[in-house]
Amino acid sequence: DAWGQAQIVTIPLDVAMQLSVKKTSSIAQNGKGKTFSTYYQVIPETADLNAALRIENSPRYNERGRVPLFFVDGLTLPSKEDPDSVSRPVYFRIKDLKEEWQRQFPDKDLPKVQVRELNETFRAMIRPGGGDASVRDLVFVPIPESVDKAKTCGRSYKLGEMILTK
């Protein structure tokens, strides 16, 4: 079973996004230097894909590799870079967005939730010239359990390497 020792690992989002936008090759540790094309994807929870489909009635989130980001107008977080400014948060889970809204505005109803796509957002952020105003001041809010997992799992693997089994 070639997948018997396969691992799913938590890596920083910036690394995952860099890996997902370009074709990379991996060197097999026990494959005598053999290289293989490798592809990386960020995979959202099914519940959040379904929520995105309910919000945006389009086939976009039925496509493989699409990751919804949820946000509402009017929700901000203090900027970590500049204490005098705010960031506009986008959430990987609609549940986390709702919890933050309730924390900040306990007496107000949640406004209409909107959705944007992670890969499109990332590409707009890194595009030379930075002309897309819709991505200015955005901040990705990680899933709390993913942050905890990233802290505990360490980094006992090397990117671009895999172990082949016979």
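The structure contained in this document is the topic of the report that follows. (Residues numbered from 1 in each chain as written. Predicted model: local features only at pLDDT ≥ 70, side-chain atom pairs only at ≥ 80, totals over all residues. Heavy atoms only, no water.)

Now for helix α3 (residues 94–104). Looking at α3, one finds that the buried residues are I94, D96, L97, E100 and W101. For α3, the angular spread of the buried residues around the axis is 160 degrees, confining them to a single face. (Buried < 20%, exposed > 50% of the residue type's maximum accessible area, 1.4 Å probe, protein only. Helix = DSSP H or I, 4+ residues; strand = E, 2+ residues; numbered from the N terminus. Arc of directions from axis to C-beta.)

Two faces make up the sheet, and in a regular strand the side chains alternate between them. Pairing of strand β4 (residues 77–78) with strand β5 (residues 86–91) involves two bridges; the strand directions are antiparallel. Within the sheet, the bridge partner assigned to P78 lies in β5 and is V86. Pairing of β5 with strand β7 (residues 138–141), which is carried by four bridges, proceeds in the parallel orientation. Note that in β7 the partner of Y91 across the bridge is V141. (Pairing = 2+ DSSP bridges.)

Taken as a whole and assessed by the stated rule, the structure comprises two aromatic pairs. The interplanar angle of 40 degrees and the centroid separation of 4.3 Å between the aromatic rings of W101 and F105 together place this pair among those described as tilted. (Phe/Tyr/Trp six-rings, centres within 6.5 Å; stacked < 30°, edge-to-face > 60°.)

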